[in-house]
Amino acid sequence: MAEHDYIQETPNQRLRNWVLSEMVRGAGYALAFLLFIGVIYGVIWGIGQFLPDDSKNAPPPMPYSSLDAQMLVTNA
């Protein structure tokens, strides 16, 4: 008898367990990726907290980066 004879899986059970483990591993990769993005966002936010308030309310560096649309009023 083999050392691990107490584990008796049918091919269907083995396939189901493998598919489930692959899905859990993929979910773990997705969680790690989202945590990585969150850490980067947190670092950028933290650096922004050290900036003075005037820099946060400054006008854009390019004069035409934000255009205001004028309303056209017509007399009908």
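A.B. asks: What's the story with the overall build of the protein chain in this structure? I'm lost.
C.D. replies: Counting its secondary structure elements, the protein chain contains two helices and zero strands. Across the 76 residues that make up the protein chain, the buried fraction comes to 3%.

A.B. asks: Can you help me understand the pattern of salt bridges in this one?
C.D. replies: Oppositely charged side chains are able to pair whenever their charged atoms sit close together. Scanning the model with the defined rule gives two salt bridges in all. Here Arg 14 and Glu 9 are joined by a salt bridge, their closest N and O atoms 3.9 Å apart. For Arg 14, a relative accessible area of 46% translates into the label partly exposed. Classification of Glu 9 by relative accessible area gives partly exposed; the value is 32%. Residue Arg 25 pairs with Glu 22 through a salt bridge whose shortest N-O separation is 2.8 Å.

A.B. asks: Before we go on, may I ask you to explain a nonpolar patch on the surface in this structure?
C.D. replies: On the surface, a nonpolar cluster with roughly 620 Å² of combined accessible area is contributed by Leu 15, Trp 18, Val 19, Leu 20, Met 23 and Val 24. Position of Val 19 relative to the elements: it lies in helix α1 (residues 11-49).

Here is what the cut-offs are and how they apply
Residues numbered from 1 in each chain as written. Predicted model: local features only at pLDDT ≥ 70, side-chain atom pairs only at ≥ 80, totals over all residues. Heavy atoms only, no water. Helix = DSSP H or I, 4+ residues; strand = E, 2+ residues; numbered from the N terminus. Buried < 20%, exposed > 50% of the residue type's maximum accessible area, 1.4 Å probe, protein only. Salt bridge = Lys/Arg side-chain N within 4 Å of Asp/Glu carboxyl O. Patch = residues over 30% accessible without salt bridge, like charges linked within 9 Å, V, L, I, M, F, W, Y side chains within 5 Å. Areas by Shrake-Rupley, 256 points an atom, 1.4 Å probe, with all protein chains shown as cover.

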